[in-house]
4 protein chains.
Amino acid sequence: MSIVRDVGLAPAGRRKIEWAMNRMRVLSSLVSEMESEKPLAGISVGISLHLEAKTAALAISLERLGARVSITSSNPLSAQDDVAAALSQMIYRVYAWRGETDSEYEENHRRVLADGPHIIVDDGADLSVMAHSMGIAGRVFGATEETTTGVLRFRAMERDRALGFPVIAVNDAKSKHLYDNRFGSGQSVVDGVLRATNVQIGGKRVVVLGYGWVGKGVAERFRGLGARVIVVEVDPFKALEAYMDGYEVMGSMDAAKLGDIFVTCTGNIKVLTDQHFRVMKDGALLANAGHFDVEVDVKALRSMATSEDEVRPNVREFVMPDGRRLYLLGEGRLVNLVAADGHPIEVMDLSFATQLLSVLYLVRNRGRLERHVYTLPDELDEEIARRKLRIEGVGLDSLTEEQKRYLESWR
Amino acid sequence: MSIVRDVGLAPAGRRKIEWAMNRMRVLSSLVSEMESEKPLAGISVGISLHLEAKTAALAISLERLGARVSITSSNPLSAQDDVAAALSQMIYRVYAWRGETDSEYEENHRRVLADGPHIIVDDGADLSVMAHSMGIAGRVFGATEETTTGVLRFRAMERDRALGFPVIAVNDAKSKHLYDNRFGSGQSVVDGVLRATNVQIGGKRVVVLGYGWVGKGVAERFRGLGARVIVVEVDPFKALEAYMDGYEVMGSMDAAKLGDIFVTCTGNIKVLTDQHFRVMKDGALLANAGHFDVEVDVKALRSMATSEDEVRPNVREFVMPDGRRLYLLGEGRLVNLVAADGHPIEVMDLSFATQLLSVLYLVRNRGRLERHVYTLPDELDEEIARRKLRIEGVGLDSLTEEQKRYLESWR
Amino acid sequence: MSIVRDVGLAPAGRRKIEWAMNRMRVLSSLVSEMESEKPLAGISVGISLHLEAKTAALAISLERLGARVSITSSNPLSAQDDVAAALSQMIYRVYAWRGETDSEYEENHRRVLADGPHIIVDDGADLSVMAHSMGIAGRVFGATEETTTGVLRFRAMERDRALGFPVIAVNDAKSKHLYDNRFGSGQSVVDGVLRATNVQIGGKRVVVLGYGWVGKGVAERFRGLGARVIVVEVDPFKALEAYMDGYEVMGSMDAAKLGDIFVTCTGNIKVLTDQHFRVMKDGALLANAGHFDVEVDVKALRSMATSEDEVRPNVREFVMPDGRRLYLLGEGRLVNLVAADGHPIEVMDLSFATQLLSVLYLVRNRGRLERHVYTLPDELDEEIARRKLRIEGVGLDSLTEEQKRYLESWR
Amino acid sequence: MSIVRDVGLAPAGRRKIEWAMNRMRVLSSLVSEMESEKPLAGISVGISLHLEAKTAALAISLERLGARVSITSSNPLSAQDDVAAALSQMIYRVYAWRGETDSEYEENHRRVLADGPHIIVDDGADLSVMAHSMGIAGRVFGATEETTTGVLRFRAMERDRALGFPVIAVNDAKSKHLYDNRFGSGQSVVDGVLRATNVQIGGKRVVVLGYGWVGKGVAERFRGLGARVIVVEVDPFKALEAYMDGYEVMGSMDAAKLGDIFVTCTGNIKVLTDQHFRVMKDGALLANAGHFDVEVDVKALRSMATSEDEVRPNVREFVMPDGRRLYLLGEGRLVNLVAADGHPIEVMDLSFATQLLSVLYLVRNRGRLERHVYTLPDELDEEIARRKLRIEGVGLDSLTEEQKRYLESWR
């Protein structure tokens, strides 16, 4: 049986899901074409993704293709209770609510695994790692992984020969990472900060830590709203790119003294630590756009603070011994999911179309794949981009035979 | 006695107000300097402004300077019930709730006037016009007006010799209109659309109707998020400016066929009408950033629709006879106030510091002003900008004597 | 007789003029419509403008309408010798060459006045001021003035009751100052810096001194090429606008230490002086976008330098006593005219269409105007903008009667 | 003996070279450190690169490290005669002038090969292909290749087992392609179009064909100057990225009807052909930013035209049978090199530092490399980026040991 906060919230959740599904036109068109074949009949899918409306649309789509779906949320704060309630009336199982404790979070993941998934749809690799540690990886046909962070973990497992089933790095598909990380995070992190704080962005100094795809998107969108953006990097090529892109680039200790708003986008731990907190300005806002809540060292912040208080929803004030106040947004978890609705619908449409094709690929190639981390074959990846362009009415040229030959020749 | 939705909401409202006041540093510094003198002792102020946290900060500031304040909301949908509840415990009178009917809206304005204000702080001129039609304008020392729309109304009254007291056009102060209309609306309209819809902006065609300060800000910020912006204008100079700014510029009927999102920013009526609705694309979103809910012809939309439904908070679906669905955001009222928290705090800090100095100016010059529309004297206006720069630590050069002489000379 | 550097250069100049005229479609369409009437028959026009191809097109246009035109250049370095040569074969008189000495510059202006102009077309007011000091102002019907700087001089003359004829402040026409100062200078100053130096703009710190229309345009375009822009201002409102626009804003002494490229845009003297030169970085580039060569204190720079050398065309190196090298572009004169081709053609098309209508207005209203500084009547100004939109195929809406009434009403 | 247009031009060329060398600080710092060791003593280097001031700096740098350098220009129009003249007095051999015929171009390449180079520095692979066809590839230790186009040719040779020596794909080094293609072409193509035409960019429709690194840079910079940019692509992922970046995206036939300015950035042939010319607007400008002059089908343009004329330097007018005029910039060759000074100095500093380290790597690893296309080892590539950051004073963070461990772990 599903476990959600309050089934009475289902009507509101249902509307959110319908709104999202209506605008996820790539996913919908794929489902429409294949629905009658039921290509996932007999397949059990276990999902750990941020449980909001767009994710619900993916779960429903998988069931439409014949699968039986169990789902939990990939972050203790990212489930939306109304969506979970509605979804619990629409698919096999939902185990999720906003504000899970660490042990509830773990228990819900365990419940999904107890439903015996053939396919795992993962976001950060927690569900798969748990399957391995419970010794049930052998029963799983394969997993798909949504995030950069999760793919890094799976690759480390592969390197350590600890991987028990094939994995499709959905994140590495072009239809996913070219758009989701940059355009999705870019817009939605801004959205999260605006909703949480109502502060003006124009004129503010925003410090973006990490200039990967997420950081690029976040820097771009904050600049688009008039911020003076500072980029912090450890990679010299990315630092130089940020510099030529017209951003200020400096070490994090220098940036710590200047920033009004900080956004961590690294996928690493302890990016903002006590040494930074000590020099920040009174009123500084701290947000995280990375997968896990490890980038801002909340434990250090808490231990330094003389008092702490939630001053607005998703805004927690920490008073420093010298009276300065630092504000942590969304508890240091993904600010775009905790304080807003996550990535925009159209971006998740592409990501989840990629998820759908990846799940189908794992099922169709059952037994033919090694215990490796794979990327989705190019032609499937490209099919998604082409479908999106068609739906948006965007024209695309094609190479003539003469042009193809020219590209092949060298004389 | 105050009349609000639910006093139990006061704790949440109080936090919102504190958050805003802490960040309204220009207003706060003015109050701190003058608080001990009580320059508004014995003065009754009646306010009609969008009743959210920043407005509450203004009301509280006026009482700190000695005034007795009654307040209502300048839009039936813009009052936030938690803020109204908290404020009702902090100032003389509050009469406001979200979702007032037209007659409740009018009744609440009447209640403010019944408290006998010496000074009216107005937003759209409704409170002042009502004072005139009730024949009590003679008792009022003067009014301040926040918006372009209201100032136009007051100037029309002046032209018709119908103005019963002096008015300070706060909107025309540089410290107000240079920042509030452009930067305030620019950011907050984007915020409202994001919250209401969760759609991706990158790649969308956004049609901005009106390229005044509000339209400029809205166009700029949507472009900053990756939109392809189309501007519609009636003024050839503004149309040409938009064109050179790199926007598409075209007539509204052409734009109607192309837009994904429409934002009216004109201050005029019937900017989007049945002829536009007839040709819009399925799924188009309609939002208004102008003061009154007259820019999108909602009546026409409703009469054309075969059905209508609220599909998400602040999103109303209208199904056209041919099956196309158009979505009206925030009921066609100011989308930044109805679907988000209104202008960013720092912008309202400047506007409300201007309001405060304008109220003081009216009180200090009681009996010395004509029944005209005035602007705030330059030196007061400039004081606000200089104070803001000081607070933000922004350096400013000054002219040398030699440079001043040079500017005066012509030989 | 015309006096130019080398008539042998005429063929190249003629091509430049034809290229420009072909693209000045607003000016051309006005001339086509009126050419047969010869509305300027019998009128002598004296021009002092930057003598390059677009200016030549104006001179030719005036002659096509019947005028007799004498022309010199409004800056000792801005005349292009090939254009002057070609023009000398196409209109009455040309007195100009690149690199005039101060006395040659004065002499050429005197020659234009000796031709007895009824109308003066001025750029910086030098020609008109000379006419006054020579005591021949009484013979002049009126003048038109192209620049902000010149208009300030004329207004000072009017204030001092020293103005001997009516002046049309062409600069103050919307069709001129909304586009010419911002879009014209913005692009062409960038062009001048690129041609003179070949340096990368991305990542550079560009200090823009003055945030009027010219400074705004320059800041915008350098940012558009990836520069990190710092704005210096004396006006608190403009400083605050620049701050919210996302620029760094600071005092000139702080900026002097940081800048890689400096551009003065103030219309004032001694904006960059010895105190700035003392702290600038080795390799800093100094450019001026203001009308006169007084903004960078070249005299001070020269007196501080231990040596000086032209290291590239339009780049002069000054070695400071401590070994730092500062580079002055275009001798501190308008960098867009000295090192590039001045404003883009389409912008000057609007400005010179305004000039043409202003000359016609002065002729048609001879004897009916006071010795004041006038702006072009709104309907003529608007005609230019409308014509430009028509030519570019840009759609424009118009107000309905109902909308006009709404804007007039206040109830 | 060197063969150049006119040695009398040497003084001007020498200044250009000095200006560039002074600002190529990465290259200079590498040379300074190694100059005393003469690591290239006894090595003969043959260069085919665009012969302007920055390239001269590379040639001089190689000689400072002990090499003997012969050089020609990699494009018949890209040599600057004054630079060639100066360089002929500073290094072993120069064979290049602006406006070489095809046979002169070939002959000059032959001359470089006749000097017996051990190392070839190539730009487009012409010199290396010629070495192969002349049967002297066996004498060459290896080559370095500057461009995407050349690398594609070398890879095709490798695939066909036709490659006679190892090649370092300099273009594929991060220090090269991340900056040179995007930031270098972006700025310099704009520069070339401005110099050639003096047209306003704000409001213009610029069609960018190809959205690789070059196309991205070109689109970005034109947008930065106010253009309305249309992107044409054949790759669905790039098309979708352009769309989300906020550009119009469409097929080339649709774009052909709309564009004011066209820039080809594909590396392919016949990108703009007779079918496009037939529908373009009167006055359209055609420019190429790709390596070879094959992207705009000039032959087709010429055969369609009823007349043709050079109307400005680097602007050739083709009159179509219906009277429309199309303008080809820089003869359809690289517009940034033909009509301007090529990439900005700072970008070429990085590219040529990469060239220098690549030449050294080939020499040091002589006999140890296969006949393959290699990329520069990461540590050398990274050294360049780090050195540049140090020189610009840009701060860089580094990972803590704890962070490194975290990135390795998966539990």
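Since the structure is predicted, the reported quantities are computational estimates derived from the model, not experimental observations. (Residues numbered from 1 in each chain as written. Chains lettered and ligands numbered in written order. Predicted model: local features only at pLDDT ≥ 70, side-chain atom pairs only at ≥ 80, totals over all residues. Heavy atoms only, no water.)

Caption draft 1: Looking closely at the relation of the copies chain C and chain B. With an RMSD of 0.0 Å, chain C superimposes on chain B once it is rotated by 180 degrees and translated 0.0 Å along the axis. Each copy turns onto its partner about a two-fold axis. Most of the interface of chain C is mirrored in chain B: 100% of its interface residues are interface residues there too. (Least-squares fit on C-alpha atoms with pLDDT ≥ 70 in both. Contact = heavy atoms within 4.5 Å.)

Caption draft 2: A look at the domain arrangement of chain A. All names here are of chain A. Here chain A is partitioned into domain 1 (7-172 + 343-392) and domain 2 (183-333). In this structure, domain 1 and domain 2 have C-alpha centres spaced 29 Å apart. Each partner contributes residues to the interface: domain 1 has 16 residues there, and domain 2 has 12 residues. A buried area of about 970 Å², summed over both sides, lies between domain 1 and domain 2, and 58% of it is on carbon and sulfur atoms. The tally of links between domain 1 and domain 2 comes to 0 salt bridges. (Domains from an automatic or database assignment. Buried area = accessible area lost by both parts, 1.4 Å probe. Salt bridge = Lys/Arg side-chain N within 4 Å of Asp/Glu carboxyl O.)

Caption draft 3: Quick peek at the pairing of strand β5 (residues 142-145) of chain A. Residue and element names in this part refer to chain A. Across the two faces of β5 the burial is the same, with G142 and T144 and A143 and E145 all buried. Looking at chain direction, strand β4 (residues 119-122) and β5 are connected through 4 bridges and run parallel. Bridge pairing links I120 to A143 in β5. Running through helix α6 (residues 126-133), the crossover from β4 to the neighbouring parallel element β5 is right-handed. In this sheet, strand β6 (residues 167-169) lies alongside β5 in parallel orientation, the contact comprising 3 bridges. Within β6, the position partnered with A143 by the bridge is V167. (Buried < 20%, exposed > 50% of the residue type's maximum accessible area, 1.4 Å probe, protein only. Helix = DSSP H or I, 4+ residues; strand = E, 2+ residues; numbered from the N terminus. Pairing = 2+ DSSP bridges. Right-handed = clockwise from strand over helix to strand, strands pointing away.)

Caption draft 4: Structural context of the environment of S303 of chain A. Mapped onto the fold, S303 of chain A is located in helix α14 (residues 298-304). A distance of 3.1 Å separates a polar atom in the side chain of S303 of chain A from the backbone oxygen of A300 of chain A. (Polar contact = N/O pair within 3.5 Å; in protein donor to acceptor, adjacent residues only side chain to side chain.)

Caption draft 5: Examining the side chain of E295 of chain B more closely. Residues and elements named next belong to chain B. Structurally, E295 can be placed in the loop between β11 (285-288) and α14 (298-304). At 2.9 Å, the side chain of E295 forms a polar contact with the side chain of T266. The contacts of E295, once residues within four sequence positions are left out, are T264, C265, T266, G267, N268, K270, V271, L272, N288 and G290.

Caption draft 6: Structural detail: the UniProt feature "domain: S-adenosyl-L-homocysteine hydrolase NAD binding" (unreviewed entry) in chain A. Residues annotated in UniProt with the feature "domain: S-adenosyl-L-homocysteine hydrolase NAD binding" (unreviewed entry) correspond here to residues 181-342 of chain A. With 37% helix and 22% strand, residues 181-342 of chain A has end C-alpha atoms that lie 12 Å from one another. (UniProt positions renumbered as here; feature names shortened; annotations may be inferred.)

Caption draft 7: Broad picture of the interface of chain A and chain D. Every contact between the two is made by 60 residues of chain A and, on the other side, 60 residues of chain D. Across the chain A to chain D interface the summed buried area is about 5500 Å²; carbon plus sulfur atoms make up 63%. The interface formed by chain A and chain D includes 20 residue pairs in polar contact (both at pLDDT 80 or more). Secondary-structure elements contributing two or more residues to the side of chain A that touches chain D are α7 (148-159), α8 (174-177), α9 (180-197), α10 (213-224), α11 (236-244), α17 (378-392) and α18 (401-408) of chain A. Taken together, the residues of the side of chain A that touches chain D sort by class into 30 nonpolar, 9 polar and 21 charged. (Nonpolar A, V, L, I, M, F, W, Y, C, P; charged D, E, K, R; others polar.)

Caption draft 8: Here's a closer look at the confidence of the model for chain A. The pLDDT averaged across chain A works out to 96; a share of 100% of its residues lies at or above 70. Here the prediction assigns the complex a pTM of 0.94, and the interface score ipTM is 0.93. (pLDDT = per-residue confidence, 0-100.)

Caption draft 9: A look at the nonpolar core. Ranked by size, the top nonpolar core spans 205 residues in total, and within it L62 of chain A, F222 of chain B, L62 of chain C together with F222 of chain D carry the most contacts. What F222 of chain D contacts, discounting residues up to four positions off in sequence, is V189, V190, V193, I201, V206, A227, V229 and V263 of chain D. Y211 of chain A, Y179 of chain B, Y211 of chain C together with A56 of chain D belong to the second-largest nonpolar core, a separate cluster that totals 204 residues. (Core = buried A, V, L, I, M, F, W, Y, C linked by side-chain atoms within 4.5 Å.)

Caption draft 10: Spotlight on the interface of chain C and chain B. Counting from both sides, the interface comprises 60 residues of chain C and, opposite them, 60 residues of chain B. Between chain C and chain B lies a buried interface of about 5500 Å² when both sides are counted; carbon and sulfur atoms form 64% of it. Within the residue set of the side of chain C that touches chain B, elements represented by two or more residues are α7 (148-159), α8 (174-177), α9 (180-197), α10 (213-224), α11 (236-244), α17 (378-392) and α18 (401-408) of chain C. Considered class by class, the residues forming the side of chain C that touches chain B number 30 nonpolar, 9 polar and 21 charged.

Caption draft 11: Local environment of unusual backbone geometry. Despite not being glycine, A125 of chain A has its phi angle at roughly 80 degrees, a positive value. Looking at the element boundaries, A125 of chain A is found in the loop between β4 and α6. Positive phi, normally seen in glycine, also occurs at R161 of chain C, with a value near 50 degrees. Residue position: R161 of chain C is located in the loop between α7 and β6 (167-169). You can call R161 of chain C exposed: its relative accessible area is 79%.

Caption draft 12: Structural detail: the environment of S88 of chain B. Residue and element names in this part refer to chain B. Here S88 shows up in helix α4 (residues 81-88). Separated by 40 residues in sequence, S88 and S128 place their C-alpha atoms 23 Å apart. If near-sequence neighbours (up to four positions away) are discounted, S88 is found in contact with S2, V4, V7 and V94.

Caption draft 13: A look at the pattern of salt bridges. Across all of its chains, the model carries 148 salt bridges over all chains by this definition. For D309 of chain A, the salt bridge goes to R15 of chain B, with nearest N and O atoms at 3.3 Å. On the criterion of chain membership, the pair formed by D309 of chain A in strand β12 (residues 307-312) and R15 of chain B in helix α1 (residues 10-23) is interchain, its members lying in two chains. Within this structure, R182 and E220 of chain A together with K216, E241 and D245 of chain D form a network of salt bridges that share partners.

Caption draft 14: Representation of helix α2 (residues 25-34) of chain D in the model. Within α2 of chain D the residues assigned to the buried category are V26, L27, S29, L30, V31 and M34 of chain D. Tucked inside the fold, the buried residues of α2 of chain D contact α3 (53-64), α16 (345-364) and α17 (378-392) of chain D.

Caption draft 15: Fine view of the relation of the copies chain A and chain D. Here chain A sits on chain D after a turn of 180 degrees about the axis and a move of 0.0 Å along it, with an RMSD of 0.0 Å. Both copies present the same face, since 100% of the interface residues in chain A are matched by interface residues at the equivalent positions in chain D.

Caption draft 16: Structural view of the sheet that holds strand β5 (residues 142-145) of chain C. All names here are of chain C. The parallel open sheet is built from 7 strands, whose spatial order is β3-β2-β1-β4-β5-β6-β15. Of all strands in the sheet, those with a lone pairing partner are β3 (93-95) and β15 (373-374), marking the two edges. Across 2 bridges, the pairing between β6 and β15 is parallel. Counted as the bridge partner of I168 is Y374 from β15.

Caption draft 17: Looking closely at the packing of aromatic side chains. In total, this model carries 8 aromatic pairs over all chains according to the counting rule given. Judged by centre distance (5.0 Å) and plane angle (90 degrees), the ring pair of Y327 of chain A and W19 of chain B falls under edge-to-face. One end of the pair, Y327 of chain A, is in strand β14 (residues 325-329); the other, W19 of chain B, is in helix α1, on a second chain. The class of W19 of chain B is buried, set by a relative accessible area of 4%. Ring plane angle 70 degrees and centroid distance 5.9 Å describe the contact between Y211 of chain D and Y247 of chain D, whose orientation is recorded as edge-to-face. Of the two residues, Y211 of chain D sits in the loop between β7 (205-209) and α10 (213-224) while Y247 of chain D sits in the loop between α11 (236-244) and β9 (248-249), which places them 36 residues apart along the sequence. Side by side, Y211 of chain D and Y247 of chain D carry an identical accessibility label, which is buried. In this structure, K216 of chain A is placed above the aromatic ring of W213 of chain A, and the distance from its NZ or CZ to the ring centre is 4.9 Å. When the ring centre of Y247 of chain C is taken as reference, the NZ or CZ atom of R223 of chain C above it lies at 4.0 Å. (Phe/Tyr/Trp six-rings, centres within 6.5 Å; stacked < 30°, edge-to-face > 60°. Lys NZ or Arg CZ within 6 Å of the ring centre and 35° of its normal.)

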